[in-house]
Structures are given as structure tokens and as C-alpha cells.
Amino acid sequence: MSAIGLPVLASNQKQYKYVVSILNDLVPKPFRKGIQLYRGGFDREEPATERVISGIVKEEVPDDFIINLHAPFITKTVLPEYNFTSEKVKSMVSKNISLAESINARSLTIHFNTLFYHPERLSDPSIPQIDFDLFKWKSKWDSYPFVKKEVIDVAYNILKEIAESTKIKISVENMPIPLIGDIHKYPMSLVYDPKLNTYESIIEFLEEFSNFKNIGLCFDAAHYKLVQVTLNPLVKEYGNNLNYGIMKSKGFLGLYPERFSLQPDINTVVKRLISKNVLFDLQVADAGKKWIKDLQLLEEGLPMYNNDFGKELLKMLKYTVENSPDTFVSFDIEERDYLNRQNQINSLKMFFNYLSSKNL
């Protein structure tokens, strides 16, 4: 059976103790247990050092627990050390590979970011001018062939070079649309990434790395739902008339209608990933509101409920644990109090009750 885990902030020793106790109490045999060490957004909190994390792991994580390390990432601004169009990203990933190796992590999850500012965004004094100018969206990237050659392929080549240097499994996370749409309602305040969000771009990525056995997917269910509920109504409304101009008018850059269609349901996606043996990690949460330009922020990291999507999640989870024993499943549901994780606890209980039910 798959390993069932919960996230901890990598530097918070109290969270480790609490999560280990939850998992020991709730996770039945024959499931394994695990912890996702979350290093956090670079501009949300100071990333914990390798020495601090290694010490806590040695002291707090039982030997039979599976460990997934989630590398730090950029959430609001863009720095070359976190952008896969820059050679500087290699150093950041290498340091996290070193940490993953030292704590015997089974996989390293990364955000495979190629982030860019809106072309009309005004300069921000908090952002180094050289980086701001470097990472502004170019109008020619509104055409997929140009962005494929100048952004996506560049990122692919850098990741391939990194992958060839290690045996650690690198688990690449799919992203929601729009990025930081939980913070900003206005297009010029967003950052944009032209890959790894739609089902088609996920499959393209996996085909590109099919010869790399240590490259796979960290599938975030809430991220995918946000893509699905955003794009499918547009595909249904506009049909073959949906074009890049319409996407831009809705506030999106880097989404090319000729490159996507109706997004399939989450079970179809996961079954495809498992059939290709590329589902390294699975992050479970629900998502609520989708992003609407100038009007509404998106919501993610919500608990599982007994609603339509909750039932889809349960069905998908059951299939995963029964058919992909090497997949690490983390219930990445947000909490207000991470030493009193009622949302995560309730979702774990819902899942195990579903598995034991005779009326599946």
C-alpha cells in the first residue's frame, strides 16, 4: 500500500511530533506512513537550513516513515535562483538534492517554475530592477512556438542536466491558474508560467522526460481542479472559436487554446499517470472559488467534504493506494492551527472510513 503522510514546516519541531502522533493513531496497516518536509515559499518565511532540518529529522522522524522533501519556491516575486530559464536555478536545486540525500528522502518535490511578470506591470522598488526587466513577458510568447523554444525547452534542458546528476527522484508539481490568484485579482499583479498546468502540458512534460526514471509528477489535486473549472466552461462556451485573444481578455497569459481541450476528470488523469508509472507523489486537497479577473480570488487547500468533488477524490485515492504502492500521498490541507489539524484529521478519517465501507 502507498505511504500516507502529512506536511510539516521543515524547521518546526513541534509539528513533527504532532504529525507523527496523528499518523500513528489514524493510519491502519498495511499502509506505510510518511512526512512531507515543506521548506516554504521563499518570500513567505526564511527557509530552514540543511543543518537544522537534518537534526530535527534524525530526532523526530521514525525510521520506518517515508520522507518527501518539498523544495522552497517563489510565490510573489521572481528571482533567477527559482526560475528554470536561468542557469542559477541549478545551485538551488542541487542544495535541496543534497539535503534530500542526507535525510534519506524518497523524493524531492519542486516547482518547475518559469515565471514572468505581466508586460504592463510597473516597476516595484522591492524587486531588483535587473530581475524585473529580465522576467517580463514578451509579446512574441503569445505564440506557442516562440514560448516553446525560448522558455519551455530551455527549462526542460536545465532540468535534464540536473536529473542526470542525481539518483534522487525529482517530483515536479503541476500548477494552478492563475499563479498567486489567491492573492491578486488583477492581471498585471499576477505572475505567469506557460507550462505544467493543463492536462495536455502535463502529458507533454512526461513524454519529454520519458527516458528519465528519476523524473515524475507530484500531482496536486486542488491545482488541477482549478485548471479544470477555469478552462472547461470557456471551451464549452467558445468551442473552436476560443483563441489566445479571448484568454488574454480573461486575464491569462501563456494558455494556448490550440494546445488544450476539455480537461478530463481527475480519475482519468490519475489512472493515466499510474499507467505510465510516473505518479511519484500525490497532494490531496479540495479547491473552492476559481479566479475571475478583477472580481474574485481562487481558493485552494480546502478540506475534503462529502460533495461531488470529495467523492471524486475518495475514488481517486482508493485507486491510487491499490494500484500505485510507490506513490506517496500527502493530505496537504490548509489549517489555521498546525498543532490542531482538524481539517486534515477529518479528511484522513473520511478516507479510511470510505475504504472500509461495504457500499463503495
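The written sequence of each chain sets the order in which its residues are numbered from 1. A pLDDT threshold of at least 70 governs which residues receive local features in this predicted model, and a stricter bar of 80 or more applies before side-chain atom pairs are shown or counted, although totals over entire chains, interfaces and linings include all residues. Side-chain metrics in this entry use all non-hydrogen atoms of the structure; hydrogen atoms and water are not considered.

Enquirer: Explain the overall build of the protein chain here, please?
Expert: Strands are runs of DSSP state E lasting at least 2 residues, helices are runs of H or I lasting at least 4, and numbering of each runs from the N terminus. Summing up its helical and strand segments, the protein chain has 11 helices and 12 strands in all. Relative to its full complement of 360 residues, the protein chain shows a buried share of 56%. Residues are treated as being in contact if the distance between any of their heavy atoms lies within 4.5 Å. Counting contacts in the protein chain only where the partners sit at least 6 residues apart, residues at least 24 apart contribute 77% of the total. The charged-residue count follows a simple rule in which Lys and Arg add positive charge and Asp and Glu add negative charge, with His and chain termini not counted at all. One atom stands in for each charge, and that atom is NZ of Lys, CZ of Arg, CG of Asp or CD of Glu. The average position of the 44 basic charges and that of the 45 acidic charges among the side chains of the protein chain differ by 3 Å. Throughout, exposure labels follow a simple rule: accessible area from a 1.4 Å probe, protein chains only, divided by the maximum for the residue type, with under 20% read as buried, over 50% as exposed, and the rest as partly exposed.

Enquirer: What's the story with the pairing of strand β1 (residues 3–9) in this structure? I'm lost.
Expert: Along any regular strand, the residues point their side chains to alternate faces of the sheet. Within β1, six of the seven residues are buried, which leaves it mostly tucked inside the rest of the structure. The pairing of β1 with strand β2 (residues 32–38) spans seven bridges and is classified as parallel. Note that in β2 the partner of Val8 across the bridge is Leu37. Orient the strands so they point away from the viewer; a crossover is then right-handed if the path from the first strand over the helix to the second runs clockwise. Regarding topology, helix α1 (residues 13–26) serves as the crossover connection from β1 to the parallel β2, and that connection is right-handed. Looking at chain direction, β1 and strand β12 (residues 328–331) are connected through three bridges and run parallel. Among the inter-strand pairings, Ala3 is bridged to a residue of β12, identified as Phe328. Between any two strands, at least two bridges found by DSSP are needed for them to pair.

Enquirer: Sorry, what's going on with the sheet that holds strand β3 (residues 66–70) here?
Expert: One key point about sheets: their strands pair by backbone hydrogen bonds, in either a parallel or an antiparallel sense. The strand order around the closed barrel built from eight strands is β1-β2-β3-β4-β6-β8-β9-β12, with neighbouring strands paired in parallel fashion. Taken pair by pair, the neighbouring strands of this sheet meet at an average axis angle of 25°, ignoring direction. Relative to strand β9 (residues 279–284), strand β8 (residues 215–220) runs parallel, the two being bridged by four bridges. When the sheet's bridge partners are listed, Phe219 is paired in β9 with Leu282. Interaxial angle, 0 to 180 degrees, is taken between N-to-C directions of lines fitted to C-alpha atoms, where a helix line uses only the stretch in contact. Across the sheet, helix α5 (residues 144–163) touches β4 (107–110), β6 (169–173) and β8, and the angle it forms with β6 is around 155°. With respect to the sheet, helix α10 (residues 308–323) is in contact with β1, β9 and β12, its orientation differing from that of β9 by roughly 150°.

Enquirer: Explain helix α7 (residues 221–238) to me, please; I cannot follow it from the model alone.
Expert: Residue pairs three or four apart in sequence face the same way in an α-helix, which turns once every 3.6 residues. One less than the number of residues in a helix, times 1.5 Å, gives the span that helix is expected to have. If you check α7, its first and last C-alpha atoms are 26 Å apart, about what 18 residues at 1.5 Å a residue would give, namely 26 Å. Here α7 lies mainly inside the structure; 13 of its 18 residues are buried. Looking one or two residues past α7, Gly239 carries a phi angle of roughly 55°, positive in sign.

Enquirer: Would you explain the packing of aromatic side chains in this entry?
Expert: Think of a pair of aromatic rings as described by two things: how far the centres are apart, and how the planes are tilted against each other in angle. Ring pairs shown here join Phe, Tyr and Trp side chains whose ring centres sit within 6.5 Å, with only the six-membered ring taken for Trp; geometry is labelled stacked below 30 degrees between planes, edge-to-face above 60, and tilted in between. A complete count under the given rule lists 21 aromatic pairs for this structure. A centroid spacing of 5.2 Å and a plane angle of 20° characterise the contact between Tyr244 and Tyr256, whose relative ring orientation is stacked. On the criterion of sequence distance, the pair formed by Tyr244 in helix α8 (residues 244–249) and Tyr256 in the loop between α8 and α9 (266–275) is long-range, its members being 12 residues apart. Given a relative accessible area of 4%, Tyr256 falls into the buried group. Three or more aromatic residues link up through ring pairs in this structure, and these residues are Phe84, Phe112, Tyr156, Phe205, Phe209 and Phe212.

Enquirer: Looking at this structure, I do not really get the side chain of Glu335. What am I missing?
Expert: Note on placement: Glu335 falls in the loop between β12 and α11 (342–356). One buried charged side chain, Glu335, makes no salt bridge at all; its nearest oppositely charged neighbour is Arg341, positioned 6.3 Å away. A polar contact of 2.9 Å, which involves the side chain of Glu335, links it to the backbone nitrogen of Asn343. We define a polar contact as two N or O atoms separated by no more than 3.5 Å, with the added condition that, inside protein, one atom must be a possible hydrogen donor and the other a possible acceptor, whereas residues neighbouring each other in sequence contribute only through side-chain atom pairs. Polar side-chain contacts of Glu335 include one of 2.7 Å to the backbone nitrogen of Gln344. In this structure, Glu335 is in contact with Asn340, Arg341, Gln342, Asn343 and Gln344, ignoring residues within four places of it in sequence. For this analysis, a salt bridge means a side-chain nitrogen from Lys or Arg found within 4 Å of a carboxyl oxygen belonging to Asp or Glu.

Purely geometric numbers; function is a separate question.
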